[in-house]
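Next come the chains, spelled out residue by residue.
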Amino acid sequence: MVIKDVKVCAKIDHYDDRLVVGKDGGIKNVVISLDSVSGGKSIDSLGTEFVLDQKICAYKPHILIVPVNQQIMILNNDGILHNIHTYGKLNRSVNLAQPRFKKKLKLTLEKPEKVQVRCDVHGWMSAWFIVVEHAYYTVTDSAGRFSLNGVPPGTYRLNIWQELLGEKSVQVTVTAGEESELHFAFEEKKESD
Ligand SMILES: [Cu+2]
(Lines give C-alpha, C1' and ligand atoms only; values in the text may rest on other atoms or scores of the structure.)
Protein backbone atom coordinates (compact mmCIF):
# COMPACT_ATOMS: atom_id res chain seq x y z
CA MET A 1 0.00 0.00 0.00
CA VAL A 2 1.30 3.43 -0.89
CA ILE A 3 1.32 5.65 2.19
CA LYS A 4 4.17 7.99 1.36
CA ASP A 5 4.24 10.73 -1.30
CA VAL A 6 0.77 9.62 -2.37
CA LYS A 7 0.43 12.34 -5.01
CA VAL A 8 3.34 10.93 -6.98
CA CYS A 9 3.66 7.32 -5.94
CA ALA A 10 -0.02 6.35 -6.10
CA LYS A 11 -0.34 7.25 -9.78
CA ILE A 12 0.26 3.58 -10.50
CA ASP A 13 -0.34 0.41 -8.54
CA HIS A 14 2.74 -1.07 -6.92
CA TYR A 15 3.18 -4.79 -6.82
CA ASP A 16 5.81 -6.90 -5.15
CA ASP A 17 8.32 -7.22 -7.99
CA ARG A 18 10.60 -9.67 -6.21
CA LEU A 19 8.80 -12.57 -7.87
CA VAL A 20 6.86 -11.95 -11.06
CA VAL A 21 5.22 -15.01 -12.58
CA GLY A 22 3.59 -14.90 -16.02
CA LYS A 23 0.30 -16.60 -16.84
CA ASP A 24 2.06 -19.69 -18.15
CA GLY A 25 4.29 -19.95 -15.11
CA GLY A 26 7.33 -18.26 -16.63
CA ILE A 27 9.34 -16.26 -14.12
CA LYS A 28 10.51 -12.78 -15.02
CA ASN A 29 13.83 -11.27 -13.95
CA VAL A 30 15.71 -14.51 -13.40
CA VAL A 31 19.42 -13.87 -13.85
CA ILE A 32 21.12 -16.31 -16.21
CA SER A 33 24.88 -16.54 -16.55
CA LEU A 34 27.56 -18.77 -18.00
CA ASP A 35 30.79 -19.58 -16.15
CA SER A 36 34.28 -19.58 -17.61
CA VAL A 37 33.66 -18.70 -21.22
CA SER A 38 37.02 -18.10 -22.85
CA GLY A 39 37.06 -15.98 -25.96
CA GLY A 40 33.69 -15.00 -27.33
CA LYS A 41 32.20 -11.56 -26.98
CA SER A 42 33.78 -8.85 -24.88
CA ILE A 43 32.18 -7.22 -21.89
CA ASP A 44 31.65 -4.10 -24.02
CA SER A 45 28.80 -5.92 -25.71
CA LEU A 46 26.72 -5.31 -22.58
CA GLY A 47 26.41 -1.71 -23.72
CA THR A 48 27.78 1.68 -22.79
CA GLU A 49 24.99 3.20 -20.71
CA PHE A 50 23.74 1.75 -17.46
CA VAL A 51 20.76 3.56 -16.08
CA LEU A 52 18.55 2.94 -13.06
CA ASP A 53 15.49 5.14 -13.19
CA GLN A 54 13.19 5.94 -10.31
CA LYS A 55 9.87 6.30 -12.00
CA ILE A 56 6.66 6.86 -10.05
CA CYS A 57 8.37 5.35 -7.03
CA ALA A 58 9.51 2.16 -8.73
CA TYR A 59 12.92 1.18 -10.05
CA LYS A 60 13.33 0.61 -13.76
CA PRO A 61 14.72 -1.91 -14.48
CA HIS A 62 14.30 -4.21 -11.50
CA ILE A 63 17.53 -5.99 -12.46
CA LEU A 64 20.41 -4.03 -13.95
CA ILE A 65 23.38 -5.97 -15.28
CA VAL A 66 26.42 -3.70 -15.11
CA PRO A 67 30.14 -4.33 -15.68
CA VAL A 68 32.58 -3.75 -12.82
CA ASN A 69 33.95 -0.19 -12.68
CA GLN A 70 31.24 1.09 -15.00
CA GLN A 71 29.34 4.17 -14.05
CA ILE A 72 25.69 3.66 -13.18
CA MET A 73 23.50 6.69 -13.77
CA ILE A 74 20.66 6.86 -11.26
CA LEU A 75 17.81 9.12 -12.32
CA ASN A 76 15.15 10.80 -10.24
CA ASN A 77 12.50 12.62 -12.21
CA ASP A 78 9.77 11.99 -9.65
CA GLY A 79 10.12 15.41 -8.05
CA ILE A 80 10.31 13.93 -4.56
CA LEU A 81 13.02 12.58 -2.28
CA HIS A 82 14.32 9.08 -2.87
CA ASN A 83 17.45 7.54 -1.46
CA ILE A 84 19.81 4.99 -2.85
CA HIS A 85 20.73 2.45 -0.23
CA THR A 86 22.87 -0.44 -1.47
CA TYR A 87 23.49 -3.67 0.37
CA GLY A 88 26.78 -5.04 -0.90
CA LYS A 89 29.09 -7.52 0.78
CA LEU A 90 32.19 -7.06 -1.37
CA ASN A 91 31.35 -3.53 -2.47
CA ARG A 92 31.07 -0.73 0.01
CA SER A 93 27.45 -0.07 0.86
CA VAL A 94 26.23 3.42 0.14
CA ASN A 95 23.28 5.39 1.44
CA LEU A 96 22.80 8.49 -0.65
CA ALA A 97 19.89 10.90 -0.42
CA GLN A 98 18.53 11.95 -3.78
CA PRO A 99 16.35 15.00 -3.18
CA ARG A 100 13.92 16.13 -5.84
CA PHE A 101 16.33 18.70 -7.30
CA LYS A 102 19.08 16.09 -7.71
CA LYS A 103 17.96 14.45 -10.90
CA LYS A 104 21.14 12.46 -11.49
CA LEU A 105 23.39 10.52 -9.22
CA LYS A 106 26.41 8.44 -10.22
CA LEU A 107 27.57 5.20 -8.69
CA THR A 108 30.37 2.80 -9.59
CA LEU A 109 30.80 -0.68 -8.15
CA GLU A 110 34.20 -2.37 -8.30
CA LYS A 111 33.58 -5.97 -7.33
CA PRO A 112 31.49 -8.60 -9.11
CA GLU A 113 28.49 -9.23 -6.89
CA LYS A 114 24.73 -9.05 -6.74
CA VAL A 115 23.94 -5.86 -4.86
CA GLN A 116 20.45 -5.08 -3.68
CA VAL A 117 19.36 -1.47 -3.76
CA ARG A 118 16.48 -0.14 -1.73
CA CYS A 119 14.86 3.18 -0.98
CA ASP A 120 14.40 3.90 2.71
CA VAL A 121 11.67 6.46 1.97
CA HIS A 122 9.49 4.00 0.04
CA GLY A 123 9.79 0.57 1.54
CA TRP A 124 8.47 -1.24 -1.51
CA MET A 125 11.21 0.07 -3.82
CA SER A 126 13.77 -2.63 -4.49
CA ALA A 127 16.13 -3.44 -7.35
CA TRP A 128 19.39 -5.27 -7.98
CA PHE A 129 22.70 -4.33 -9.54
CA ILE A 130 24.27 -7.47 -10.98
CA VAL A 131 27.92 -6.41 -11.16
CA VAL A 132 29.72 -8.62 -13.64
CA GLU A 133 33.14 -9.31 -15.12
CA HIS A 134 32.06 -10.77 -18.47
CA ALA A 135 29.30 -10.48 -21.04
CA TYR A 136 27.56 -13.82 -20.53
CA TYR A 137 24.72 -12.58 -18.40
CA THR A 138 21.09 -12.01 -19.19
CA VAL A 139 17.68 -11.74 -17.54
CA THR A 140 14.48 -13.61 -18.38
CA ASP A 141 11.61 -11.68 -19.94
CA SER A 142 8.01 -11.60 -18.71
CA ALA A 143 7.36 -15.02 -20.26
CA GLY A 144 10.38 -16.44 -18.42
CA ARG A 145 12.43 -16.75 -21.60
CA PHE A 146 16.02 -15.84 -22.25
CA SER A 147 18.68 -16.18 -24.90
CA LEU A 148 22.45 -15.87 -24.74
CA ASN A 149 24.24 -15.45 -28.00
CA GLY A 150 27.85 -15.45 -29.15
CA VAL A 151 28.82 -18.42 -27.01
CA PRO A 152 31.88 -20.28 -28.33
CA PRO A 153 31.36 -24.07 -28.69
CA GLY A 154 31.99 -25.94 -25.46
CA THR A 155 30.43 -27.28 -22.27
CA TYR A 156 29.60 -24.77 -19.61
CA ARG A 157 27.95 -24.36 -16.28
CA LEU A 158 24.87 -22.20 -16.59
CA ASN A 159 23.75 -20.45 -13.42
CA ILE A 160 20.18 -19.55 -12.70
CA TRP A 161 19.45 -17.08 -9.90
CA GLN A 162 16.23 -15.67 -8.58
CA GLU A 163 16.23 -13.41 -5.54
CA LEU A 164 13.59 -15.36 -3.60
CA LEU A 165 13.91 -18.83 -5.10
CA GLY A 166 17.67 -19.05 -4.92
CA GLU A 167 20.33 -20.36 -7.23
CA LYS A 168 20.81 -23.50 -9.24
CA SER A 169 23.08 -24.52 -12.06
CA VAL A 170 22.96 -26.92 -14.97
CA GLN A 171 25.43 -28.02 -17.61
CA VAL A 172 24.94 -26.92 -21.15
CA THR A 173 26.83 -27.89 -24.29
CA VAL A 174 27.02 -25.47 -27.17
CA THR A 175 27.77 -26.74 -30.65
CA ALA A 176 29.07 -24.47 -33.40
CA GLY A 177 26.31 -22.99 -35.52
CA GLU A 178 23.54 -24.59 -33.49
CA GLU A 179 21.10 -23.42 -30.90
CA SER A 180 21.11 -25.21 -27.56
CA GLU A 181 17.73 -25.35 -25.89
CA LEU A 182 17.31 -25.52 -22.19
CA HIS A 183 14.32 -25.77 -19.85
CA PHE A 184 14.34 -25.58 -16.11
CA ALA A 185 11.99 -25.02 -13.23
CA PHE A 186 12.20 -24.04 -9.60
CA GLU A 187 10.63 -26.40 -7.11
CA GLU A 188 7.71 -25.06 -5.19
CA LYS A 189 8.83 -23.81 -1.83
CA LYS A 190 7.11 -24.98 1.31
CA GLU A 191 5.85 -22.44 3.77
CA SER A 192 8.28 -23.66 6.43
CA ASP A 193 11.32 -23.04 4.20
CU1 LIG B 1 11.89 6.24 -3.02
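Scroll up to find the structure.
This report concerns the structure included in the present document. (Residues numbered from 1 in each chain as written. Predicted model: local features only at pLDDT ≥ 70, side-chain atom pairs only at ≥ 80, totals over all residues. Heavy atoms only, no water.)

**Structural notes on the sheet that holds strand β9 (residues 95-98)**
Link 1 in the chain: Taken together, 5 strands build an open sheet; the order of strands is β6-β12-β11-β8-β9 and the sheet is mixed. Single-partner strands in this sheet number two, and they are β6 (63-67) and β9. For this sheet, the mean inter-axis angle between neighbouring strands, taken without regard to orientation, is 25 degrees.
Link 2 in the chain: In terms of strand pairing, strand β11 (residues 113-118) meets strand β12 (residues 126-132) through 6 bridges, oriented antiparallel. The residue of β12 that forms the bridge with Glu 113 is Val 131. (Pairing = 2+ DSSP bridges. Helix = DSSP H or I, 4+ residues; strand = E, 2+ residues; numbered from the N terminus. Axes fitted to C-alpha atoms, helices over the stretch in contact; angles between N-to-C directions.)

**Concerning the coordination of the copper ion**
Link 1 in the chain: Those protein atoms acting as donors to the copper ion are His 82 (ND1), Cys 119 (SG), His 122 (ND1) and Met 125 (SD), and they sit at 2.0 to 2.7 Å.
Link 2 in the chain: Viewed at the metal, the 4 donor atoms of the copper ion are separated by angles of 96 to 134 degrees, and the geometry they form is tetrahedral.
Link 3 in the chain: Each donor residue of the copper ion belongs to the same chain, with the gaps between them written as H-x36-C-x2-H-x2-M. Here Cys 119 lies in the loop between β11 and β12 and His 82 lies in strand β8 (residues 82-87), a separation of 37 residues in the sequence.
Link 4 in the chain: With a relative accessible area of 0%, His 82 lands in the buried category. (Donors = N, O, S within 2.8 Å, 3.2 Å for Na, K, Ca; no water. Tetrahedral: all angles 85-135°; square planar, octahedral: opposite > 155°, others 65-115°. Buried < 20%, exposed > 50% of the residue type's maximum accessible area, 1.4 Å probe, protein only.)

**Re the pairing of β6**
Link 1 in the chain: Of all 5 residues in β6, 5 are buried, a share of seventy percent or more.
Link 2 in the chain: Judged by which residues are buried, β6 turns out to be covered on both faces: Ile 63, Ile 65 and Pro 67 on one side and Leu 64 and Val 66 on the other are all buried.
Link 3 in the chain: Bridge analysis of β6 against β12 gives 5 bridges, and the strand direction is parallel. Residue pairing across strands places Val 66 opposite Val 131, the latter belonging to β12.

**A word on the packing of aromatic side chains**
Link 1 in the chain: In total, this model carries 2 aromatic pairs according to the counting rule given.
Link 2 in the chain: Taken together, a centroid distance of 5.0 Å and an interplanar angle of 75 degrees make the contact between Trp 128 and Trp 161 edge-to-face. Placement of Trp 128 in strand β12 and of Trp 161 in strand β14 (residues 154-162) is noted, with a sequence separation of 33 residues between them.
Link 3 in the chain: The class for Trp 161 is buried, based on a relative accessible area of 11%.
Link 4 in the chain: The interplanar angle of 40 degrees and the centroid separation of 6.3 Å between the aromatic rings of Phe 146 and Phe 184 together place this pair among those described as tilted. Separated by 38 residues along the polypeptide, Phe 146 in the loop between β13 (137-139) and β14 and Phe 184 in the segment after β15 (166-174) bring together distant segments of the chain.
Link 5 in the chain: Take Phe 184: its relative accessible area is 28%, and that puts it in the partly exposed class. (Phe/Tyr/Trp six-rings, centres within 6.5 Å; stacked < 30°, edge-to-face > 60°.)

**Focus: the layout of surface pockets**
A water-sized probe rolled over the atoms picks out the places where empty space is left.
Link 1 in the chain: Space inside the largest pocket adds up to approximately 890 Å³.
Link 2 in the chain: Around the largest pocket, the lining is made up of 37 residues, and of these Arg 145, Phe 146, Ser 147, Ser 180 and Leu 182 lie nearest the centre.
Link 3 in the chain: The set of elements that each furnish at least two residues to the lining of the largest pocket consists of β14 and β15.
Link 4 in the chain: Of the voids in this model, the second largest pocket is the one considered here, and its volume is about 380 Å³.
Link 5 in the chain: Forming the boundary of the second largest pocket are 20 residues, of which Asp 17, Lys 28, Tyr 59, Lys 60 and His 62 lie nearest the centre.
Link 6 in the chain: At 3 residues, strand β5 (residues 58-60) tops the list of elements feeding residues into the lining of the second largest pocket.
Link 7 in the chain: Residues belonging to the lining of the second largest pocket are distributed by class as follows: 10 nonpolar, 5 polar and 5 charged. (1 Å grid on protein atoms, 1.4 Å probe; cavity = no way out; pocket = protein on both sides within 12 Å on 5 of 7 lines; lining within 4 Å. Points joined across faces, edges and corners; volume = space filled by probe spheres on them. Nonpolar A, V, L, I, M, F, W, Y, C, P; charged D, E, K, R; others polar.)

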